[in-house]
Amino acid sequence: MKRLGIMAALPQELGDLIARMQAAGDFRTVTLGRREYHIGQAHGVPVVVTLARIGKVAAAATASALIHVFDVDAIVFTGVAGGVRGDVNVGDIIVADALLQHDLDASPLFPRYEVPLLERARFEPDAALGNALAVAAASFVAEQGAALADRFGIAVPRVHRGLIISGDRFIASHDALFALRDALPDALAVEMEGAALAQVCFEHDVPCAVVRTISDTADAAAPTSFVEFLRAIAAIWSSGIVARFLPASR
Ligand code: ADE
């Protein structure tokens, strides 16, 4: 059986995954392109787990290595995102139904957002992987959402599905946020990697999926909220979702 690739940008977004792989034994690490690829088992599933670091180029290069060097048969990205739509709150979980690069604009040669010569702006992740992530997220929220909301002083988390937009820019102002809302009214969340992963996977016919927990609402408070969420909360959400997703994924 081939392995499942699991990517995140930052260590907190992987939760306890690498520690679990080490504890399961038969664990090795390969360094390539200044990244570490951890090969082993998590929750009984053969995986390759890696940190892409931040940004679309980092995500694309890492996805490419996972496909061509580590021979994974699917890739899942787990991480945090800024909320874009008004009803998306810190702690909510978004499973992507579509991904788009909000900073890609080769107009007037090509329509805004379209990937030149690929004739598409939106990339749909794999429906089965997305469904499995949504089920895992819903069960995490049903079991732990109320207690975690109490503990961290946030609303009880909800699970959403829809458009996630990606760009090489941390969104942290009212103006930038409202420009995105105006241009892409169906966008739920913004991050810096997912659409790059989705493009590479589309080009190679490799199924992928993206799950994001909202760490901030992409406004002036975003830098503080992002740092605090990463420090205290991101790993709990990621571990809770991945623990329920992986056993159901194969
Ligand atoms: N990831 C998490 N929060 C983000 C934001 N506000 N902008 C871009 N990427 C993010």
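Residues numbered from 1 in each chain as written. Predicted model: local features only at pLDDT ≥ 70, side-chain atom pairs only at ≥ 80, totals over all residues. Heavy atoms only, no water.

**Here we look at the site of the ligand**
Short version of the rule: Near is defined per residue: the residue qualifies when any heavy atom it owns lies within 4 Å of the molecule or strand. For the purposes of these results, a polar contact is taken to be a pair of N or O atoms within 3.5 Å, where, inside protein, one atom must be able to donate a hydrogen and its partner to accept one; residues adjacent in sequence count only when each atom of the pair is a side-chain atom. Areas reported as accessible are Shrake-Rupley estimates using a 1.4 Å probe. Residue values count occlusion only from the protein chains shown. What counts as a helix is a DSSP run of H or I of at least four residues, what counts as a strand is a run of E of at least two, and both are numbered from the N terminus.
In the vicinity of the ligand there are 13 residues, among which Ala81, Gly82, Phe170, Ile171 and Asp216 approach most closely. Within the backbone of Gly82, a nitrogen or oxygen atom sits 3.2 Å from a nitrogen atom of the ligand. Between a nitrogen atom of the ligand and a side-chain N or O atom of Asp216, the distance comes to 2.6 Å. For the ligand, whose accessible area on its own is 270 Å², the fraction buried by protein is 97%. Elements supplying a minimum of two residues to the shell around the ligand: β5 (74-83), β8 (187-191) and β9 (208-216).

**Observations regarding the packing of aromatic side chains**
Selection criterion: Stacked, edge-to-face and tilted labels apply to pairs of Phe, Tyr and Trp rings (six-membered ring for Trp) whose centres lie within 6.5 Å, assigned for plane angles under 30 degrees, over 60, and everything in between, in that order. The classification of residues rests on relative accessible area computed with a 1.4 Å probe and restricted to protein chains. Under 20% of the type maximum is buried, over 50% is exposed, and intermediate values are partly exposed. For a Lys NZ or an Arg CZ to count as sitting over a ring, it must be within 6 Å of the ring centre and within 35 degrees of the ring normal.
By the definition in use, this model includes 6 aromatic pairs. Measuring from centroid to centroid gives 5.2 Å for Phe170 and Phe226, while their planes differ by 70 degrees, and the two rings are edge-to-face. With Phe170 in the loop between β7 (159-166) and α4 (174-183) and Phe226 in helix α6 (residues 222-232), the pair connects residues that are 56 residues apart, well separated along the chain. Classification of Phe226 by relative accessible area gives buried; the value is 18%. Within the aromatic cluster, the residues linked to one another by ring pairs are Phe140, Phe152, Phe229 and Trp237. Geometry around Phe178 places Arg181 over its ring, the cationic atom sitting 4.6 Å from the centre.

**Considering the side chain of Thr213**
Formally: Contacts were defined at the residue level, with two residues in contact if any of their heavy atoms lie within 4.5 Å.
By secondary structure assignment, the location of Thr213 is in strand β9. In contact with Thr213, other than residues within four places in its own chain, are Gly79, Val80, Ala81, Gly91, Asp92, Ile93, Phe229, Trp237 and Ile241.

**Some remarks on the packing of helix α3 (residues 127-152) against helix α7 (residues 234-248)**
Think of two packed helices as two axes; the pair is described by the angle between the axes and how far apart they sit. Counted only if it meets this: Here an angle of 0 to 180 degrees is reported between the N-to-C directions of two axes, which are lines fitted to C-alpha atoms, with helices fitted over the stretch in contact. Here the word oblique covers every angle except those under 35 degrees (roughly parallel), over 145 (roughly antiparallel) and from 65 to 115 (roughly perpendicular). Left-handed describes a crossing whose near helix is turned anticlockwise from the far helix by less than a right angle; the clockwise case is right-handed. Charged means Asp, Glu, Lys or Arg here, nonpolar means Ala, Val, Leu, Ile, Met, Phe, Trp, Tyr, Cys or Pro, and polar covers whatever is left, Gly included.
Running from N to C, α3 and α7 cross one another at 140 degrees; their axes reach a closest spacing of 8 Å. In terms of axis orientation, α3 runs oblique to α7. α7 is crossed by α3, and the crossing has right-handed handedness. Across the interface between the two elements, Leu129, Ala132, Leu133, Ala136, Ala137, Ser139, Phe140, Glu143, Gln144, Leu148, Arg151 and Phe152 from α3 touch Ile236, Trp237, Gly240, Ile241, Arg244 and Phe245 from α7. Residue classes in the contact of α3 with α7 are distributed as 12 nonpolar, 3 polar and 3 charged.

**With respect to the environment of Gly33**
Within the fold, Gly33 resides in the loop between β2 (28-32) and β3 (35-42). Along the backbone, Gly33 and Ala61 are 28 residues apart, and their C-alpha atoms lie at a distance of 8.7 Å.

**Structural notes on unusual backbone geometry**
Omega for the peptide link from Ser107 to Pro108 comes to 5 degrees, which places this bond in the cis form. Looking at the secondary structure, you find Pro108 in the loop between β6 (93-101) and α3. Even without being a glycine, Asp26 presents a positive backbone phi close to 50 degrees. Examined against the element boundaries, Asp26 turns out to sit in the loop between α1 (17-24) and β2. Accessibility expressed as a relative area gives 69% for Asp26, which makes it exposed. A positive phi angle, near 55 degrees, is found at Asp205, a position not held by glycine. By secondary structure assignment, the location of Asp205 is in the loop between α5 (194-203) and β9. The exposed category is assigned to Asp205, whose relative accessible area is 73%.

**Thoughts on the pairing of β2**
We count it as follows: When DSSP finds at least two bridges between two strands, those strands are taken to pair.
The pairing of β2 with β3 spans 5 bridges and is antiparallel. Bridge pairing in β3 links Leu32 to Arg35. Between β2 and β3, which pair antiparallel and follow one another directly, the connecting turn spans 2 residues, one of which, Gly33, has a positive phi of 55 degrees.

Purely geometric stuff here, so don't read any function into it on its own.
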